[in-house]
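Descriptive structure summary
These are the residues of each chain, in order.
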Amino acid sequence: MKRALITGITGQDGAYLAAQLLEEGYEVHGVARRLSTANAWRLAEVRDRVVLHGGDLHDTGSIVRLVQAVAPDEVYNLAAQSFVPTSWEQPVLTGEATGLGVTRVLEAIRLVNPAIRFYQASSSEMFGKVVETPQRESTPFYPRSPYGVAKTYGHWITVNYRESFGIFAVSGILFNHESPKRGREFVTRKVCRAAAECAAGRRRALPMGNLDAARDWGFAGDYVRAMRGMLRAAEPQDYVIATGEVHTVRELCEVAFERVGLDYREFVRTDPVLVRPAEVDRLEGDASKARAELGWSPEVGFRELVHMMVDADVARLRGDLLDDPEG
Ligand code: NDP
Ligand code: GDR
């Protein structure tokens, strides 16, 4: 039985990846931080089948000891301070976790067993103020936030450990991907949750930032399949994972509110406080390398994704689905 270790297992992607690996017959271990309140709600469906270990990307020893104790065949580094606005408020912490944290995991692999296969969660935020459209593996990076800068470091250190030490280390450059397990601070979940609350009469207004921002949004379940494809491949290589379909935040509002029979224009207000100091205006990915070499393609489209997320929040508010803790 193959063994996988996932950092960030309590996050959105961690939960989908754990489920996918269990389905494939893996023994799944995850790193969870010590927090004052329990936060494993995303793992409810798989909690009795995964092994959680205490650890933190800030603490090198904890990561080394875990890699030693678990002796995994594969390590997925999904842990990060992943919310872009927080990265301006806590740039040093973001650099530590999202950037240097990658080196700590790679060092643990190098010390304990360089044959372990390593996946790094790179991001389309590295393209930032884009220099070419659509963005592909060869597109130069121009990050626009401390988060994007930290991810760019994580990306290159992964490439460097592959080239320096021959480690099977890959970076998936994933564009935005969402699901009902998305944190409430990210724009898709924020809007879908608000649409459900407005429909239930629990909210009257939705303050938003830049409605003209445009993203290439996909479904998290499809994107973790791509991570698996990259670690199964014969050669370690980096891949862009995206749908190629772009929508604005305004369109997102329109589709989400429409789903519950409302007009978003009656609820959405723009609030300058929510506008970022430096914006990433538009991201559009070209995943043709992943399509050709990994046979990967997304199964869930934009409207279906938004409907899935609104429906889940409607069910949560009705008490038909366990609600997540407010972030
Ligand atoms: P989430 O924010 O949902 O999850 C982040 C995870 O990282 C959580 O489990 C969190 O733990 C953990 N974490 C944060 N800091 C530390 C730390 N210091 N030590 C150990 N664990 C830590 O992110 P997603 O699941 O959405 O994303 C997964 C990864 O992919 C992230 O690295 C993200 O930056 C990257 N990414 C995401 C994309 C997306 O659209 N979702 C696109 C491209 C890249 P806790 O639960 O305790 O907070
Ligand atoms: P992003 O995701 O920054 O792309 O990073 P987010 O959903 O936070 O923002 C997307 C776009 O929407 C605009 N926006 C708002 N965003 C939020 N959160 N709240 C608002 O009220 C709002 N109004 C407009 C933003 O300005 C932005 O342009 C996500 C994270 O998952 C990263 O970890 C990941 O690396 C990238 O996606 C790819």
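The structure presented is a predicted model; accordingly, all values stated were derived computationally and were not measured.

**Re the domain arrangement of the protein chain**
Assigned domains within the protein chain: domain 1 (3-177 + 217-241) and domain 2 (183-216 + 245-282 + 300-318). Contact residues are listed per partner, giving 19 residues for domain 1 and 23 residues for domain 2. Between domain 1 and domain 2 the total buried area reaches about 1900 Å² when both faces are included, carbon and sulfur atoms providing 61% of it. Viewed at the interface, domain 2 and domain 1 are joined by one salt bridge.

**So, the site of ligand 1**
Close to ligand 1 lie 25 residues, the nearest being Thr10, Arg33, Asn39, Ser82 and Tyr147. A distance of 2.8 Å is found between an oxygen atom of ligand 1 and a backbone nitrogen or oxygen belonging to His177. Between Arg182 and ligand 1, the recorded distance is 3.2 Å, taken from a side-chain N or O atom to a nitrogen atom. Taken together, the elements giving at least two residues each to the shell around ligand 1 come down to helix H1 (12-23), strand E5 (117-123) and helix H5 (146-165).

**Points about the packing of helix H6 (residues 187-199) against helix H8 (residues 249-259)**
Relative orientation of the contacting elements H6 and H8 amounts to 35°, with a least axis distance of 9 Å. Note that H6 runs across H8; the crossing there is right-handed. When H6 is examined against H8, the residues Val187, Thr188, Val191, Cys192, Ala194, Ala195 and Cys198 are found in contact with a partner set consisting of Val249, Leu252, Cys253, Ala256 and Phe257. Tallied by class, the residues present in the contact of H6 with H8 amount to 11 nonpolar, one polar and no charged.

Calculation rules
Residues numbered from 1 in each chain as written. Chains lettered and ligands numbered in written order. Predicted model: local features only at pLDDT ≥ 70, side-chain atom pairs only at ≥ 80, totals over all residues. Heavy atoms only, no water. Domains from an automatic or database assignment. Contact = heavy atoms within 4.5 Å. Buried area = accessible area lost by both parts, 1.4 Å probe. Salt bridge = Lys/Arg side-chain N within 4 Å of Asp/Glu carboxyl O. Near = heavy atom within 4 Å. Polar contact = N/O pair within 3.5 Å; in protein donor to acceptor, adjacent residues only side chain to side chain. Helix = DSSP H or I, 4+ residues; strand = E, 2+ residues; numbered from the N terminus. Axes fitted to C-alpha atoms, helices over the stretch in contact; angles between N-to-C directions. Left-handed = near helix turned anticlockwise from the far one by under 90°. Nonpolar A, V, L, I, M, F, W, Y, C, P; charged D, E, K, R; others polar.

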